[in-house]
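Chains, contacts and geometry: an overview
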Amino acid sequence: KEIASLTTTTTSSSSSSSSLIAPLVVREGQAAWVIPSLANEIKASSCHVIDDDVVSNMRQSQRLTCKLLHDMDVKVHRWSDALRPTAPWAAASEAAIMPSFFPDYCNIADVLPVESTKNTVDLYSAVAAAQSSSNNNNREEETMIKSDGVPPLSKLLDLARSTTPSAVNEFRSVYSTFEPYEKVITDKWTTERGVQKALQEYCHDGKTAFANKYFIASDCAVPVSGGGGSSNIKSKYAAAAARIVRGSPSPSEGMALREAPTRCFSSALSLGALSARDALDTARNRSPVTPPLWIGDGKKRGITGSTNNNNLAGLFPSDNPLWGRSSEGSLSDVIEWREWFRLLAERSLLLQERGEPATSGGEKSMAGDPREIGTVNYWRWKDQHLVRYLTWPAGKDYDSKQHAPAMLLVHGFAASAEQWERLVYSLREQNTMDGKDTTPPIYAVDLLGFGHSEKPGLSYTQYLWESQIVDFAVEIMEAAPMIMVGNSIGGGLAAGAAASLGKKICKGLVLCNTAGVLESPETYSGYTYKKKEGATTQNDDIRSHTQAAMEGNPNEPYSPVPILGGNGLDLFGTGIIRLIYPQIEQRLSLIYGNRIQNADPAVTYAIQQSAMHPGSANVIGSGQKLAPNRPLNEVLLEIDGGFNVLVVKGLEDQVSSPEVAKSRAELFSRLNPGKVIVDSIADAGHCPHDEQPAKVARSMIQWLATLKEDSMEVEVKPQSETV
């Protein structure tokens, strides 16, 4: 998408009549050097800079640049694009006072005014007006600031590749995780003019007609060409989404309630091509498709105390419909939910900078086994959706050439990155001998839809999450060698991501009471399917579950929800949350039955807080959209003799049952002897890493010491060879 935007800019700059490029000053280099240098060159007395981003590298760059300007006695003015600049937490220094519980936030935000967009104009109009005024006044042409000009697209791409680690370039050349409808989104909706046209069309025609026009199944798994890599590489993430749309009566009926505006506008909002304030104002005041109000539509009526009358559609952050969502309501939710997660991230980072607890659990009392609190960071997956991750530094005596590689920890359903803090403490404690700390660097990521990561209104499948893990390993960990650790569904996702990354990157897997299909090794027969009479999409040439996933599982078509349709999925998710929420503490005491003190208020609140985030109902309802699973029999063995795997099994698993836990431990022991090692822990349940962290850490350290050096030299294979 960024390449597409640069292409548009390059095209504009090649035209001598371009009014957009004329006042644009382009300089190459790092902002912390270029901007202070430019300020000195033109003897600037002030500089206007947007508020700090929450993404780590951008935030650091902004702060360093502003500090250098301040040291030069240049007055720095920070400006914000927040929806509610009058909120008590609007000032960056006050972000910590924002409630961390979404319902409490809504109680305040519902009655606050949203910044008006009435006096704003688009960039094209502003430039034209300024030039017209200059011409009419017959002013002499002002001295232009020297500009390097917009570089050719080829130079920008070469620069990007030259600053990207070679391991990342190598992996991206043979594997892709492109998102559904990537080409449609990139071609149509990444520029200001393109997305403004889409906004008008969306509101005029309505969500259903818009989705049915642009989100057709045949376009779902088409990548953008020209970004590097092979053009025939496929994406399991996009293919799984195509399967849903292909199996539905229409695209709008297959997509999540808010998926059409989420996919259409998220990239433009992140790129800055679309103003969040303008989009929200369009939803509230400029949509002619506002339907009659009905019971349960989620709209608030008669809210008092609001100083904002600029809301004809009656849309608020707290809207929580029981059934369906209007076109303008869906658009409003996209904007409001993004705002909430951005503010939550800003709150966490400010608390961290103050030296205060920055995680959900940190707000509550902690008990049980000790934790090592991680450093909070944020990343935008696909340059759109905020993802929180925690990091723990390598020990002071760590040597990547001698010790275990970095670790990536993937949590289970309803959990978050915080659930790994006890295991990290035990790993560091047991990796420290004679005062020497050889703990490897450790990362733990919140899956999209869980923890503090965003919960955008998408159709969630296992291949969405698997792609997120792969992208994290490549973009954040820079495709460096690593060990993947997963619990519950996080174990199944970690195994799938490891197979995608290959053994050159993933050196081994630790699976803690993992989810995933596991068949008897003696009777497993590989990929099979039942032929459906009269089916037109079946493919008899498919030979593996991985190949089937790449093709969108044509032999296992998606079956939409009968009668209720997509609306029923959100209704189901809402019902599950309302049923389970009052029982969270009780259920945790069952899951942590062997060490109940570890199910402390910190663990409880982290789950409660996430359950009440906007978008949770859709995440749960999307369980019906999961594609057929690739069995662990295939995933763990498909590459060069299979991965080195440590299976940690808490035998008192109250989620699957102790009987199933013992049976799966026995199956794993026969899966690939010599490569798959099983360690059964009698006094642990479904989350052994958090219930018995010392025992799991000991098992991991002993297993890591046995890994052979020859497992470190396997080459990355193109997808076609892997399949």
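That block above? That's the structure.
Per chain, the residues get numbers from 1 upward, laid out in the order the sequence is written. Local features in a predicted model are, by the rule used here, given only for residues with pLDDT of at least 70; side-chain atom pairs are given and counted only at 80 or more, and totals for whole chains, interfaces and linings are based on all residues. Neither water nor hydrogens contribute to the side-chain values; these are computed over all heavy atoms in the structure.

**Observations regarding the overall build of the protein**
Secondary structure elements are defined from DSSP: runs of H or I of at least 4 residues count as helices, runs of E of at least 2 residues count as strands, and each element is numbered from the N terminus. Within the protein, the regular secondary structure consists of 29 helices and 12 strands. Of the contacts formed within the protein by residues at least 6 apart in sequence, a portion of 80% connects residues at least 24 apart. Carbon and sulfur atoms make up 53% of the accessible area of the protein, which totals about 31400 Å². Working rule for contacts: check all heavy atoms of both residues, and any pair within 4.5 Å makes them a contact. Accessible areas in this description were obtained via Shrake-Rupley with a 1.4 Å probe; residue shielding takes into account the shown protein chains only.

**A few points about empty space enclosed by the protein**
With a 1 Å grid spanning the protein atoms alone, the term cavity applies to any set of points in which a 1.4 Å probe fits but cannot get out, the term pocket to an open set with protein on both sides within 12 Å along at least five of seven lines, and the term lining residue to any residue with an atom within 4 Å of a point. Grid points are joined across faces, edges and corners, and a volume is the space filled by probe spheres set on the points. Enumeration over the complete set of coordinates arrives at seven cavities of 30 Å³ or more. Roughly 150 Å³ of volume is contained in the second largest cavity. Lining the second largest cavity are 16 residues, with Ser 416, Glu 418, Gln 419, Val 603 and Ala 606 positioned closest to its centre. Elements with a minimum of two residues in the lining of the second largest cavity: helix H17 (421-430) and helix H23 (601-611).

**A look at the pattern of salt bridges**
The term salt bridge refers to a side-chain nitrogen of Lys or Arg lying within 4 Å of a carboxyl oxygen of Asp or Glu. Summed over the entire model, instances satisfying the criterion amount to 45 salt bridges. For Asp 52, the salt bridge is made with Arg 78, and the minimal N-O distance between the two is 2.7 Å. Placement of Asp 52 in the loop between strand E1 (46-50) and helix H3 (56-71) and of Arg 78 in strand E2 (residues 75-79) is noted, with a sequence separation of 26 residues between them. Exposed residues in this analysis have more than 50% of their type's maximum accessible area, buried residues have under 20%, and partly exposed residues fall in between, with area computed by a 1.4 Å probe over protein chains only. Taking the relative accessible area as the measure of exposure, Asp 52 reaches 18% and is therefore buried. Close ionic contact of Glu 522 with Arg 670 constitutes a salt bridge, the shortest N to O distance being 2.8 Å. Of this pair, Glu 522 sits in the loop between strand E10 (506-512) and helix H20 (545-550) while Arg 670 is found in the loop between helix H26 (658-669) and strand E12 (676-681), placing the two residues 148 residues apart along the sequence. A residue is classified by how much of its surface remains accessible, and Arg 670, at 27% relative accessible area, is partly exposed. Counted as one network, the salt bridges with shared partners bring together Asp 52, Arg 59, Arg 63, Arg 78, Glu 346 and Glu 353.

**A closer look at the nonpolar core**
Residues enter a nonpolar core if they are buried and are Ala, Val, Leu, Ile, Met, Phe, Trp, Tyr or Cys, with the set joined through side-chain atoms within 4.5 Å. Membership of the largest hydrophobic core comes to 55 residues, with the highest contact counts inside it found for Leu 408, Trp 465, Met 482, Met 484, Leu 501, Leu 509 and Leu 636. Dropping the residues within four chain positions of it, Trp 465 is found in contact with Leu 447, Leu 448, Phe 450, Tyr 460, Leu 493, Val 619 and Leu 626. Residues Leu 386, Trp 420, Leu 423 and Val 424 belong to the second largest nonpolar core, which totals 37 residues.

**Concerning a nonpolar patch on the surface**
Residues qualify for a patch when their relative accessible area is over 30% and they have no salt bridge, like charges being joined within 9 Å and the nonpolar side chains of Val, Leu, Ile, Met, Phe, Trp and Tyr within 5 Å. Taken together, the side chains of Leu 322, Trp 323, Ile 563, Leu 564 and Leu 571 make up a nonpolar region of the molecular surface, amounting to roughly 510 Å² of accessible area. Tracing the chain through its elements places Leu 564 in the loop between H20 and helix H21 (566-580). In this structure Leu 564 comes out as partly exposed when scored by relative accessible area, which is 45%.

**Some remarks on the packing of aromatic side chains**
Centre distance within 6.5 Å is the pairing criterion for rings of Phe, Tyr and Trp, where only the six-membered ring of Trp is used; planes under 30 degrees apart are then read as stacked, over 60 as edge-to-face, and the remainder as tilted. Going through the model one piece at a time under the given rule, you end up with 22 aromatic pairs. Consider the rings of Tyr 105 and Trp 340, whose centres lie 4.9 Å apart with planes at 50°: the pair is tilted. On the criterion of sequence distance, the pair formed by Tyr 105 in helix H4 (residues 102-109) and Trp 340 in helix H16 (residues 327-353) is long-range, its members being 235 residues apart. Since its relative accessible area comes to 0%, Trp 340 is described here as buried. Seen in terms of ring centroids, Tyr 181 and Phe 215 are 4.8 Å apart; in terms of plane orientation they differ by 80°. Their pairing is edge-to-face.

**Examining the layout of surface pockets**
Where empty space is left in the structure can be found by rolling a water-sized probe over the atoms. Taken as a whole, the second largest pocket encloses approximately 950 Å³ of empty space. Going through the elements one at a time, H21, helix H22 (584-591), H23, helix H24 (616-621) and H26 are the ones with two or more residues in the lining of the second largest pocket. Residue contributions to the lining of the second largest pocket peak at five residues, all from H22.

**Some thoughts on the side chain of Thr 604**
Along the chain, the position of Thr 604 falls in helix H23. The contacts of Thr 604, once residues within four sequence positions are left out, are Ile 584, Glu 585, Leu 588 and Ala 599.

**Describing unusual backbone geometry**
For Ala 479, which is not glycine, the phi torsion reads 55° and is therefore positive. Counting through the fold element by element, Ala 479 comes out in the loop between helix H18 (462-475) and strand E9 (482-487). Despite not being glycine, Ser 657 has its phi angle at roughly 110°, a positive value. Mapped onto the fold, Ser 657 is located in the loop between strand E11 (645-650) and H26.

**With respect to the pairing of E12**
Here E11 runs beside E12; their pairing, made up of six bridges, is parallel. Bridging across to E12, Leu 646 finds its partner in Ile 677. Crossovers are described as right-handed under a simple rule: with the strands pointing away from the observer, the path leading from the first strand over the helix to the second runs clockwise. Viewed along the sheet, the connection from E11 through H26 into E12 turns out right-handed. When DSSP finds two or more bridges between a pair of strands, those strands are recorded as paired.

**Notes on H4**
Every buried residue belonging to H4 is among Phe 102, Tyr 105, Cys 106 and Ala 109, and all of these are buried. Considered in projection along H4, the buried side chains sweep an arc of 100° and stay on one side of the axis. Of the surrounding secondary structure, the elements contacted by the buried residues of H4 are H16. Here the arc refers to the set of directions running from the helix axis out to each C-beta atom.

**A closer look at the pairing of E2**
Two elements, E1 and E2, share five bridges in a ladder whose sense is parallel. From the neighbouring strand, Ile 50 faces E2, where its bridge partner is Trp 79. In this region the chain leaves E1, passes through H3 and returns to the parallel neighbour E2; the handedness of that crossover is right-handed.

**Observations concerning the packing of H17 against helix H28 (residues 693-704)**
Interaxial angles span 0 to 180 degrees and are taken between N-to-C directions of axes, which are lines fitted to C-alpha atoms, for helices over the stretch in contact. Where H17 contacts H28, the two axes come as close as 8 Å, and the packing angle between them is 55°. Taken as axis vectors, H17 and H28 run oblique relative to one another. H28 is crossed by H17, and the crossing has right-handed handedness. Across the interface between the two elements, Arg 422, Leu 423, Ser 426, Leu 427 and Gln 430 of H17 pack against Pro 693, Ala 694, Val 696, Ala 697, Arg 698, Met 700 and Ile 701 of H28. Per-class residue counts for the contact of H17 with H28 are eight nonpolar, two polar and two charged. We call two directions roughly parallel when the angle between them is under 35 degrees, roughly antiparallel when it is over 145, roughly perpendicular when it lies between 65 and 115, and oblique otherwise. It is the rotation of the near helix from the far one that decides the hand of a crossing: anticlockwise by less than a right angle makes it left-handed, clockwise makes it right-handed. Any residue that is not Ala, Val, Leu, Ile, Met, Phe, Trp, Tyr, Cys, Pro, Asp, Glu, Lys or Arg is counted as polar, Gly included; the first ten are nonpolar and the last four charged.

**Focus: helix H2 (residues 31-41)**
Looking at H2, one finds that the buried residues are Ala 32, Val 34, Pro 36, Leu 38 and Ala 39. Note on H2: the residue one or two positions beyond its end, Lys 43, has a positive phi of about 55°.

**Side note on the state of the cysteines**
Here, the term disulfide refers to a pair of cysteine sulfur atoms separated by no more than 2.5 Å. Per the stated rule, a full pass over the model turns up zero disulfides. For the unlinked cysteine Cys 687, the closest cysteine sulfur is that of Cys 512, found at 9.2 Å. We classify Cys 687 as buried; its relative accessible area is 9%.

**Some points on the sheet that holds strand E5 (residues 406-410)**
In spatial order, the strands read E3-E4-E8-E5-E9-E10-E11-E12; together these eight strands make up an open sheet with mixed pairing. Each end of this open sheet is capped by a strand with a single partner; those strands are strand E3 (375-381) and E12. On average, adjacent strands in this sheet sit at an angle of 20° to one another, irrespective of strand direction. Relative to E11, E10 is paired through four bridges, and the arrangement is parallel. Paired with Leu 509 across the bridge in E11 is Val 645. Each of strand E4 (385-392), E5 and strand E8 (442-445) touches H17; the most contacted strand, E4, lies at about 30° to it.

So far we have only geometry, and geometry alone does not tell us how the molecule works.
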